[in-house]
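So you can see what is in the structure, the chains are spelled out below.
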Amino acid sequence: MRFHKPKNYKRGSPRLFHAFHRTSFMHTSLLRQLLLITAVTSCIMSSAHAALTISATRIVHGSDKQSSSIIVANPSTQLFAVQSWVDTQTDDGTTAVPLIAAPALFRLDPGKQQTVQINRIPNDLPEDRESLFYFNVQEIPQAQEEQTNTLTIALRTRIKLFYRPATLQGSPEESLKTLQWSVQHANGKAQLLVHNPSPYHYTFRRVQLGSPTERKNIEAQEMVTPKSTVAYDLPTQALSPGTQVFFTTISDYGGTTSEMAAPVTGL
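Summary of the structure given here. (Residues numbered from 1 in each chain as written. Predicted model: local features only at pLDDT ≥ 70, side-chain atom pairs only at ≥ 80, totals over all residues. Heavy atoms only, no water.)

One pass over the full model with this rule turns up nine salt bridges. Notably, a salt bridge pairs R156 with D91, separated by 2.9 Å at the nearest N-O pair. Of this pair, R156 sits in strand 10 (residues 151-164) while D91 sits in the loop between strand 5 (80-87) and strand 6 (99-102), and the two are 65 residues apart along the sequence. One salt-bridge network, held together by shared partners, links D87, D91, R156 and R158. (Salt bridge = Lys/Arg side-chain N within 4 Å of Asp/Glu carboxyl O. Helix = DSSP H or I, 4+ residues; strand = E, 2+ residues; numbered from the N terminus.)

This brings us to the sheet that holds strand 8 (residues 113-120). Taken together, the four strands give an open sheet; going across it, the order is 2-4-8-6, and neighbouring strands pair in antiparallel fashion. Looking along the sheet, the strands with just one partner apiece sit at the ends: strand 2 (53-54) and strand 6. Inspection of the sheet shows strand 2 paired to strand 4 (residues 67-73) by two bridges, in the antiparallel sense. Along strand 4, the bridge assignment pairs I54 with V72. (Pairing = 2+ DSSP bridges.)

Inside soluble globular proteins, nonpolar side chains tend to come together where they are buried. Formed by 23 residues in total, the largest nonpolar core has its most connected members in L179, W181, L192, F204, V207, V245 and F247. Secondary-structure elements contributing two or more residues to this core are strand 11 (180-186), strand 12 (189-196), strand 13 (204-210), strand 15 (228-233), strand 16 (244-249) and strand 17 (260-265). Contact partners of F204, with chain neighbours within four places excluded, come to L179, W181, V194, A220, V224, Y232, F247, T248 and T249. (Core = buried A, V, L, I, M, F, W, Y, C linked by side-chain atoms within 4.5 Å. Buried < 20%, exposed > 50% of the residue type's maximum accessible area, 1.4 Å probe, protein only. Contact = heavy atoms within 4.5 Å.)

Bringing empty space enclosed by the protein into the picture now. Here the structure, examined in full by the defined rule, presents one cavity of 30 Å³ or more. Of the voids in this model, the largest cavity is the one considered here, and its volume is about 110 Å³. R164, P172, H201, I250 and D252 are the residues nearest the centre of the largest cavity, which is lined by 15 residues in total. Taken together, the elements giving at least two residues each to the lining of the largest cavity come down to strand 3 (58-62), strand 10 and helix 2 (172-175). Taken together, the residues that form the lining of the largest cavity break down as six nonpolar, four polar and five charged. (1 Å grid on protein atoms, 1.4 Å probe; cavity = no way out; pocket = protein on both sides within 12 Å on 5 of 7 lines; lining within 4 Å. Points joined across faces, edges and corners; volume = space filled by probe spheres on them. Nonpolar A, V, L, I, M, F, W, Y, C, P; charged D, E, K, R; others polar.)

It is worth spelling out the environment of V116 at this point. The residue V116 is located in strand 8 in this model. By relative accessible area, which is 0% here, V116 ends up buried. A sequence separation of twelve residues divides V116 from A104, and the C-alpha atoms of the two residues are 8.3 Å apart. Apart from the residues within four sequence positions on either side, V116 is in contact with S68, S69, I70, V72, S84, A101, A102, P103, F106 and F135.

A separate point is the sheet that holds strand 17. Here we have seven strands laid out as an open sheet, ordered 14-13-16-17-11-12-15, and mixed in their pairing. Here the strands that pair on one side only, and so sit at the sheet edges, are strand 14 (215-217) and strand 15. Neighbour to neighbour, the strand axes of the sheet diverge by 30° on average, direction disregarded. Inspection of the sheet shows strand 12 paired to strand 15 by six bridges, in the antiparallel sense. Note on strand 15: the bridge partner recorded for H195 is T229. (Axes fitted to C-alpha atoms, helices over the stretch in contact; angles between N-to-C directions.)

Just geometry here; none of it tells us what the structure is for.
The following block contains the structure:
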C-alpha cells in the first residue's frame, strides 16, 4: 500500500503540502502551462478541507496526569496514513517538548477511529502558569496507481494544548473576574487594553463595549496569555463615561463561557 509523500515532506512543515505527478501539456507554451497549474492549484486549495476529524477543539493536560487522550476519526471513504505530534507555537518542528503523541504514525481505514495518547515526560515547565503547546494531525492520502496527472494535498489539523500545573489556584472561569480593562490613546488612535494577571490563557469569543442596552463589537482575536497585556484597536476615540466591556471566552471544552461585564478605566 503506497501513500503520497510530498517532496521535501517533513514534520512541522506548512499546513498544505502539494506535489504534482508527471503532467504533460502537449501543444501549449510554457506560459500557458504555468497559468493553468496556478489556476488549478488555487481552485483546489481554496476548497480543500480535512477529511479526518478530532474529538476536541483544544486539550488541557494537567501536570498531575501521566497522559491525556484524543480520538482521531476517519468519516470518509478513503484510506489515510496519519501522523501526530506535539510542538510549540513557533511550529519549527525542532524545539523539544515534554509531551509525546502516540502512536506517532498509524493507518486509519474508512469509518474507523484511533485514540491518540499524549504522554508527559519529566520537565521543568513553569509551575505558576499554564504553558501553551499545539497538537497536530497530518493526513497522508493513499496513492492511486491508476491516476497519473493528479494534484495531491496533505492537510494538517492543529489545535491548542494547554499544560496546566495542578497547583494553580481557582479555575479559568473564576479568574475571569481578575481581568483588568482600560483604554489608551496614542497617535490619534484608541486601543482597548486587557491585562491578565491570572495563570490562564484566554481566547475571547466576543468582546463588546458600551452599555447593557447599546454595544459595539470589538475585534479581539489575539489570545491573552498568562500575566500579560494585549491591546485591541478601537474604531473610535469617542467613548462615553461609564462605558463597560462585555465579554465571553472559549472554555476548556470548546464552548462559550457566561457573559461577564467589567468596568473600563482611562476613558
